[in-house]
Amino acid sequence: YRIIHMKRLMKRGESGPSELSLRVATAVIGVAVLILLILVGGWLGICLLTAAISLGMVDEFAHLVFKGEDRVLKRYILLVISWAVSFFNFFLPRSEYELLIFFFLALFIYFLKSAKGRSERDLIQHFQELQFSLFGLIYLVFVPLFLPRLQAMPFGQHWVMLFFLIVWAGDTLAYFVGKRYGRRKLYPDISPKKSVEGGLGGLAGGVFVALLYKLAFFAALGR
């Protein structure tokens, strides 16, 4: 939501609210929806959450990797596959491997058929985008499918909630520590604003939340 809103404002030439206010608003809304889906939504809720995560990541991923004239079509194909995988997984749980094989082959066949008539330069880019698509299919669509499996385990709701809290705490602490104390760049060629101090702050935030959650809900598990 935060990324989409900022892009819309940039297109209109508006400055809009600060990044901090957008982060706070996104966190408040996101945490409320997250708790409802995990604690109240049951199997439907966790599957909807998984679908939303996959669709959001695939959309951003497609904007980054697809550069050819047919980039819009390829983006929609990946989005449809992401939705279809989540849909079938809801009605056919534990069918991840069969779905992976089917859509892997379907995506591969599409890229082969659409390669006809392309120039040599365009063909190289086309098959590079095939590699990106297959990676995105596995990492962004099928890895999140383990969230419903995780929730079905003993203490599953707690494990899923802890996962998201660690991510949220790490991102939040990395942002504030980086803004306040960030001096040394972490990897400027990839992300110019990220700092070593922010990275360490994010790591500390994730570990701290995990320890607190363990004391509150997993005390019986021991060390």
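Attention here is on the structure that accompanies the text. The shown structure was predicted, so the numbers you read here are calculated from the model rather than taken from an experiment.

Concerning the packing of helix 4 (residues 71-91) against helix 5 (residues 96-113)
Here is step 1: Running from amino to carboxyl end, helix 4 crosses helix 5 at an angle of 160°, the nearest separation of the two axes being 11 Å. Between helix 4 and helix 5, the angle falls in the class roughly antiparallel. Helix 4 and helix 5 meet at a crossing whose hand is right-handed. Between helix 4 and helix 5, the residues in contact are Leu 73, Lys 74, Ile 77, Leu 78, Ile 81, Ala 84, Val 85, Phe 88 and Asn 89 and Glu 96, Leu 99, Phe 103, Leu 107, Tyr 110 and Phe 111, respectively.
Here is step 2: Among the residues making up the contact of helix 4 with helix 5, the classes are represented as 12 nonpolar, one polar and two charged.

Let's talk about the nonpolar core
Here is step 1: Counting residues in hydrophobic clusters, the biggest one holds 21 residues, and the most contacted among them are Val 85, Phe 103, Leu 107, Leu 137 and Phe 142.
Here is step 2: Elements supplying a minimum of two residues to this core: helix 3 (42-65), helix 4, helix 5 and helix 6 (120-142).
Here is step 3: Looking at this core, the element that brings in the most residues is helix 6, giving six residues.
Here is step 4: If we skip the residues at most four places from it in the chain, Val 85 touches Leu 99, Phe 103, Val 141, Phe 142 and Leu 145.

Re unusual backbone geometry
Here is step 1: Despite not being glycine, Arg 94 has its phi angle at roughly 65°, a positive value.
Here is step 2: Within the element layout of this structure, Arg 94 appears in the loop between helix 4 and helix 5.
Here is step 3: By relative accessible area, which is 56% here, Arg 94 ends up exposed.
Here is step 4: The phi torsion at Phe 155 lies on the positive side, around 60°, for a residue other than glycine.

Side note on the packing of helix 3 against helix 4
Here is step 1: With their axes 9 Å apart at the nearest point, helix 3 and helix 4 run at an angle of 165° to one another. Relative to helix 4, the element helix 3 lies roughly antiparallel. Considering the relative orientation of helix 3 and helix 4, their crossing is right-handed. Taken together, the residues of helix 4 that come into contact with helix 3 (itself represented by Trp 43, Leu 44, Cys 47, Thr 50, Ala 51, Ser 54, Leu 55, Val 58, Asp 59, Phe 61, Ala 62 and His 63) are Arg 75, Leu 78, Leu 79, Ser 82, Trp 83, Ser 86, Asn 89 and Phe 90.
Here is step 2: Of the residues in the contact of helix 3 with helix 4, the class split is 12 nonpolar, six polar and two charged.

Rules used throughout
All chains use their own residue numbering, which begins from 1 and follows the written sequence. Predicted model: local features are reported for residues with pLDDT of at least 70 only, side-chain atom pairs are reported and counted for 80 or more only, and whole-chain, interface and lining totals are derived from all residues. With hydrogens and water excluded, all non-hydrogen atoms of the structure serve as input to the side-chain values. In this description, a line fitted to the C-alpha atoms serves as the axis of each element, helices being fitted only across the stretch in contact, and the angle between N-to-C directions of two axes falls anywhere from 0 to 180 degrees. Think of it this way: any DSSP run of H or I at least four residues long counts as a helix, any run of E at least two long counts as a strand, and we number them from the N terminus. Our angle categories are set so that under 35 degrees counts as roughly parallel, over 145 as roughly antiparallel, 65 to 115 as roughly perpendicular, and the remainder as oblique. Crossing chirality is assigned from the near helix's rotation relative to the far helix, an anticlockwise turn below a right angle marking it left-handed and a clockwise turn marking it right-handed. Whether two residues touch is decided by their heavy atoms; if any such pair falls within 4.5 Å, the residues are in contact. Residue classes follow a fixed rule: Ala, Val, Leu, Ile, Met, Phe, Trp, Tyr, Cys and Pro count as nonpolar, while Asp, Glu, Lys and Arg count as charged, and any other residue, Gly among them, counts as polar. Side-chain atoms within 4.5 Å are what join buried Ala, Val, Leu, Ile, Met, Phe, Trp, Tyr and Cys residues into a set we call a nonpolar core. Any residue under 20% of the maximum accessible area for its type is buried, any over 50% is exposed, and the rest in between are partly exposed; the area is computed with a 1.4 Å probe on protein chains only.

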